[in-house]
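One letter stands for each residue in the lines below.
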Amino acid sequence: MSKQELAVLGQDGADTCCPTLLTAPLDEDQAVELARVFKALGDPVRLRLLSMIASRSGGEICVCELTPAFDLSQPTISHHLKLLRQAGLIDCERRGTWVYYWLLPETTDKLAGILARPGGAPRPEATDAAP
């Protein structure tokens, strides 16, 4: 049996695989992908839906529990859920008549990583704009 040390994936070079906004400018593809996610989160109904799904005990929720929380039609709720799915924030599975939704934490973790300051870096000093 070999006594070589095994490298733990995702430990070294974490900054190179997932740069934050403060470590490197986004390229065009990254910006398009990120904008799609932020656009999905930019609607209050979708933000509430995501929150309801993410905070659900057991990790998933039936669409039949989501719809009554809003003063919107079922097709409108389905449309909002579809946009959250297309943005990669949630996924779903049909079980009989109902569809169950759950959060995809890899997407929210990626967003958190992109928006975080690297290594707890101090905030840049604000400059006075007054003349």
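Above this text you will find the structure in question.
None of the values given here were measured: they were computed from a predicted structure.

Trainee: Any chance you could explain the packing of helix α3 (residues 44–54) against helix α5 (residues 74–86) here in plain terms?
Mentor: When two helices pack together, you describe them by how their axes are tilted relative to each other and by the distance separating the axes. Running from N to C, α3 and α5 point in directions that differ by 75°, and their axes come no closer than 10 Å. The angle between α3 and α5 places the two elements in the roughly perpendicular class. Contacts between α3 and α5 involve Val 45, Arg 46, Leu 49, Leu 50 and Ile 53 from the first element and Ile 77, His 80, Leu 81, Leu 83 and Leu 84 from the second. Each residue belonging to the contact of α3 with α5 can be placed in one class, and the counts come to eight nonpolar, one polar and one charged.

Trainee: Honestly, the pairing of strand β3 (residues 98–103) in this entry has me stumped. Any pointers?
Mentor: Two faces, one strand: in a regular strand the side chains alternate between the faces of the sheet. In this structure, strand β1 (residues 60–62) lies alongside β3, joined through three bridges in antiparallel fashion. Along β3, the bridge assignment pairs Cys 62 with Tyr 100. The sheet contact formed by strand β2 (residues 90–95) and β3 spans six bridges and is antiparallel. The residue bridging Glu 93 from the neighbouring strand is Tyr 100, located in β3. Between β2 and β3, which follow one another and run antiparallel, lie two residues, and Gly 96 among them has a positive phi close to 65°.

Trainee: Could you clarify how one ought to interpret the packing of aromatic side chains in this entry?
Mentor: Here a ring pair, both rings aromatic, is described through the centre-centre distance and the interplanar angle of the planes. A complete count under the given rule lists zero aromatic pairs for this structure. Above the plane of the ring of Tyr 100 lies Arg 95, whose end atom (NZ or CZ) is 4.5 Å from the centre.

Conventions used here
- For every chain, the first residue of the written sequence is number 1, and numbering continues from 1 along that sequence.
- Only residues with pLDDT of 70 or above have their local features reported here, since the model is predicted, and side-chain atom pairs are shown and tallied only from 80 upward, although totals for entire chains, interfaces and linings are computed over all residues.
- Where side-chain values are given, they derive from all heavy atoms of the structure, hydrogens and water being excluded.
- Throughout, an axis means a line fitted to C-alpha atoms (over the contacting stretch in the case of helices), and angles, computed between N-to-C directions, take values from 0 to 180 degrees.
- Numbering goes from the N terminus for both helices and strands, where a helix is a DSSP run of H or I of at least four residues and a strand is a run of E of at least two.
- Roughly parallel means an angle under 35 degrees; roughly antiparallel means over 145; roughly perpendicular covers 65 to 115; every other angle is labelled oblique.
- We call two residues in contact when some of their heavy atoms are within 4.5 Å.
- Note on residue classes: Ala, Val, Leu, Ile, Met, Phe, Trp, Tyr, Cys and Pro are nonpolar, Asp, Glu, Lys and Arg are charged, and everything else, Gly too, is polar.
- Strands pair, by our definition, only if DSSP identifies at least two bridges between them.
- Under the pairing criterion, centres of Phe, Tyr and Trp rings, with the six-membered ring standing for Trp, must be within 6.5 Å; the plane angle then separates stacked pairs below 30 degrees from edge-to-face pairs above 60, leaving the rest tilted.
- Two limits define a charge over a ring: the Lys NZ or Arg CZ must be within 6 Å of the ring centre, and within 35 degrees of the ring normal.

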